[in-house]
Amino acid sequence: MIGLGRHLVEVLSVVLVLSLGVYITVVLDVIVGQAVAGLSLRPLSALMWPFRQAALFVLQQRTSTERADAALWALAPALLAAIASASLLAIPLSRTSAYADIDSGIVYFGALMALVMVAVYLNGWSANSLFPMIGGYRFIAQALSYEMPLALVLIGTALPAESLSVNAIVLSQESLWNVVRQPLGLPLYLIAGLGLAFWSPLALPDAADLAGGTESELSGMPLLLWRGARAAVLVAVAAMGAAAFLGGWHGPVLPGAVWMVIKTIALLLVMITIGHLVGRVRLERFVVVAWVVFIPLALVDVFAAGITALE
Amino acid sequence: MGVVVGARNVLARLASAAPVRVFVLAGSDAGEIENLVAALPLEHETVLVDSPRSANILLAVGDLPPSLHEPARRVHDQMSHPRRTIRLSRTIREKPDAIFPGAIVHEESADLAILLRKVHRELLTGAQLSEPAILSDEEPATWRGVGPYGQGGTGMTGGVPYGRAMAETAPDRDGLALDQLSVRVGPFFPPFPTGLALVVKLQGDVIQQVAVSDNPFATNDPTSDVESGTADPFALALHRPVPVAELEMARARHHLRWLAHALHVQGLDALGRRSIAIARSLGPGGVAPIAELTRILRRTRSVTLAGAGVGIAAPDRVRDRGLGPVARAAGLREDARAEDPAYQALDFEPVVQAEGDARSRWWQRLAEAFQSVTLAARAGDSRAGGNGRIEAPRGLITIDSDPSTEALALIPDLLNGLEWGDAVTSVVSLDLDLRATIFRNLA
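An account of the accompanying structure is given in this report. On a predicted model such as this, the values are computed, not experimentally measured, just so you know.

## Concerning the overall build of chain A
Right, so step 1: The helix and strand tally for chain A stands at twelve helices and zero strands.
Right, so step 2: Order of helices (α) and strands (β) in chain A, N terminus to C terminus: α-α-α-α-α-α-α-α-α-α-α-α.
Right, so step 3: By the compact-globule yardstick of 19 Å for 311 residues, chain A fits well, its C-alpha radius of gyration being 19 Å.
Right, so step 4: Taken over the C-alpha atoms alone, chain A extends approximately 60 × 50 × 45 Å along its principal axes.
Right, so step 5: A buried classification covers 54% of the 311 residues belonging to chain A.
Right, so step 6: Looking at chain A alone, contacts between residues at least 24 apart form 77% of all its contacts between residues at least 6 apart.
Right, so step 7: For chain A, the exposed area adds up to about 12200 Å²; of that, 75% sits on carbon and sulfur atoms.
Right, so step 8: Within chain A, one finds 14 positive and 16 negative side-chain charges whose respective centroids are separated by 9 Å.

## Digging into helix 4 (residues 105-114) of chain A
Right, so step 1: Every buried residue belonging to helix 4 of chain A is among Gly 105, Ile 106, Phe 109, Leu 112 and Met 113 of chain A, and all of these are buried. The buried residues of helix 4 of chain A occupy one face: seen down the axis, they fall within an arc of 130°.

## Quick notes on the side chain of Gln 371 of chain B
Right, so step 1: Along the chain, the position of Gln 371 of chain B falls in helix 13 (residues 358-378).
Right, so step 2: Within the structure, the side chain of Gln 371 of chain B is placed 2.8 Å from the backbone oxygen of Glu 349 of chain B, a separation counted as a polar contact.

## Let's talk about unusual backbone geometry
Right, so step 1: Across the junction of Ser 200 of chain A and Pro 201 of chain A, the peptide omega takes the value 10°, indicating a cis bond.
Right, so step 2: In the segment running from Gly 186 of chain B into Pro 187 of chain B, the intervening peptide bond is cis, with an omega of 5°.
Right, so step 3: Along the chain, Pro 187 of chain B falls in the loop between strand 7 (177-185) and strand 8 (198-203).
Right, so step 4: Phi at Val 253 of chain A takes a positive value of approximately 65°, unusual for a residue other than glycine.
Right, so step 5: The residue Val 253 of chain A is located in the loop between helix 10 (220-245) and helix 11 (256-277) in this model.
Right, so step 6: Its identity is not glycine, yet Asp 347 of chain B carries a phi of approximately 60°, on the positive side.
Right, so step 7: As for its placement among the helices and strands, Asp 347 of chain B is situated in the loop between helix 12 (341-344) and helix 13.
Right, so step 8: Note on Asp 347 of chain B: relative accessible area 65%, which makes it exposed.

## Topic: the interface of chain A and chain B
Right, so step 1: Across the boundary between the two partners, chain A contributes 55 residues, which contact 62 residues of chain B.
Right, so step 2: Both sides together, the interface formed by chain A and chain B hides about 4700 Å², and carbon and sulfur atoms give 58% of it.
Right, so step 3: Put simply, chain A and chain B have four salt bridges between them.
Right, so step 4: Taken together, the links from chain A to chain B amount to 16 residue pairs in polar contact (both at pLDDT 80 or more).
Right, so step 5: A per-element tally of the side of chain A that touches chain B places helix 2 (residues 43-59) of chain A first, with ten residues.
Right, so step 6: For the side of chain A that touches chain B, a count of residues per class yields 26 nonpolar, 16 polar and 13 charged.

What counts and what doesn't
Going along each chain's sequence as written, the residues are numbered from 1 onward. Think of it this way: whatever chain is written first is A, whatever ligand is written first is 1, and the rest follow in order. In keeping with the model being predicted, local features are shown solely for residues with a pLDDT of at least 70 and side-chain atom pairs are shown and tallied solely at 80 or more, while totals for entire chains, interfaces and linings include all residues. Computation of side-chain values: all heavy atoms of the structure, hydrogens and water removed. In this text, helices come from DSSP runs of H or I with a minimum length of four residues, and strands from runs of E with a minimum of two, each type numbered from the N-terminal end. Restricting the calculation to C-alpha atoms gives the radius of gyration, and the globule rule supplies 2.2 Å times the number of residues raised to the power 0.38. When a residue's accessible area, from a 1.4 Å probe over protein chains only, is under 20% of the maximum for its type it is buried; when over 50% it is exposed; and in between it is partly exposed. Any pair of residues with heavy atoms lying within 4.5 Å of one another is described as a contacting pair. Residue-level accessible areas treat just the shown protein chains as cover; the underlying method is Shrake-Rupley with a 1.4 Å probe. Positive charges come from Lys and Arg, negative ones from Asp and Glu, while His and the chain ends are left out of the count. Here the site of a charge means atom NZ of a Lys, CZ of an Arg, CG of an Asp or CD of a Glu. In this description, one arc is meant: the one made by directions from the helix axis to the C-beta atoms. Throughout this description, a polar contact denotes any pair of N or O atoms lying within 3.5 Å of each other; where both atoms belong to protein, one of them has to be capable of donating a hydrogen while the other can accept it, and for residues adjacent in sequence the pair is counted only when both atoms sit in side chains. Buried area: the sum, over both parts, of the accessible surface (1.4 Å probe) that disappears when the two are put together. Salt bridge, as applied in this entry: a Lys or Arg side-chain nitrogen positioned within 4 Å of an Asp or Glu carboxyl oxygen. Throughout this entry, Asp, Glu, Lys and Arg are counted as charged residues, while Ala, Val, Leu, Ile, Met, Phe, Trp, Tyr, Cys and Pro are counted as nonpolar. The remaining residues, Gly among them, count as polar.

Purely geometric stuff here, so don't read any function into it on its own.
Right, dumping it as structure tokens:
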């Protein structure tokens, strides 16, 4: 009974941490958007923005389409949120506080993130509507292009640690962070991460040229959940990036958990700023560049990491 | 029960302070109202959405021709509750509104953002009732499929049987037999100009064939009159000389508003808002903000990413058709201003690009906005126009021709074989306005 209670507390704390991460992501997005637009910054309005937007979606009617696959349509945002939540379990917030210090944490993270493709395609397909369906198609092509570089650069961080555990990877960066040791790793990871979270400039399945793509038929709570889940995936990407490349909870003076939060927010800020400054990438161009440039560079990153680890 | 009501009240208060989600239907003859709508993204409290599904306010601006009434009502009925229509037009002739019977009708609204906020708040707090559907909730044709998705029905595959797009097999560009889907996009697809409807055959998101539907605004509506165009200095310049400075500032603002729309379609809303802000505060000679925006776009390579090699309009296809920036982006030095004595006195030389792709058309319009602001600063009180032809932002307009009608003819060749995203980028880069055919009526 005590064990069950502990698990319940852990589940609730994951939900809380992820919700906080989503909140911070949305606030950062609003603030960076205002700054890039050259408009006057409204910090209080930005802080309230997620609550107000969420309340509006809660009160908004949930619409449907002709012959939609209602069950799968409802499942898609839940699956995306579950993937983001489950992936956080393997990421240590401090030296002792990973929810699950899985021996093969990197593999676990990569396996979960491969399922994002399923969630996005479900959301696009089950609406039984043109633009969501094209959005779903697009994401499959996009996912097949970013998954290889993502997996390779993460494997690269495991080599110096001689372990697939995320905590071991953080421990291996005590003297030198992977962002310095493997300079190709973090840029490639962030590009792949933007693709994974289908965040601009790789928001191809939900782009404006598809009137919102996989979310174009959504309104109300399903839209709130979908956008929240997408932001949660971005948080998970940033948190894993902080652990794998920026030394995780290592840092002077402040507690390890604080360092982990700071580094995660820093990566969120970088990705959100890129999203506001770089326009939608053409899918065909992204696929070509991913296979011709990113994958070879990721292989170089892994080979270099392997040679360094053998020395 | 009390707790539920209390929670709902708290949510309603929070939601009423959220940005108003607005879907815009832009009709013709809106005059200054159109500029107010274009500036809405600068309001922190307003979001212009791409899909009516998640909108609560339908903002119908200007007049819609009869053939667009039913599509407009379909857009209305797709919106989520609570919803309300606001109808703004300078020439509303019927109350209640003929298209949207439940609409709030205004003949003008200088405080558009305040009006939107007020209606939004009242809608969410229950002070105003949500509008019911206008059309009956009936399927467009009897469902004859077997199984939950019609997958087993006889005659339910291929083309558009019974009003629904269904895939059929057809050879793709590589000769493979793949599913092909016939769909109609428009006339209120946000990236496209109002009224543009394309009938496309798609394989995946690759366009195999495209046909352009008739322009619903191309009518000889006798109710249009000369006075209706007075807000547009280029329409005036057809009939009498207008200060060059006024024309050039209007040109620069037009290009910056187009840029904002193009940036939005590329997912760059914040930079789009910056472009609108520049257009609003622009003064003669004030090139610095345009130069800064150009610098950002060059550094981030956003224009190259969006349009390099996309939608190439070869010089032969656009020569002598009065296509203005589209022709100049292809390297043609066609510009009616070069023949005007007022511009010759200013040593006017058309700026041109070389490639003729969507990227070139972006840079062309930015360069022309820059040039226009410079010209406006040097123009003094010189005047141009009055001879029945004028170089407008979209190209040459005369009493009986406009560049959008000419550019429409380019679409099928330009779009065939493109992926959907590139097709949209190409259409946006043409800067079409089907409502511009109103110039014909001005005669």
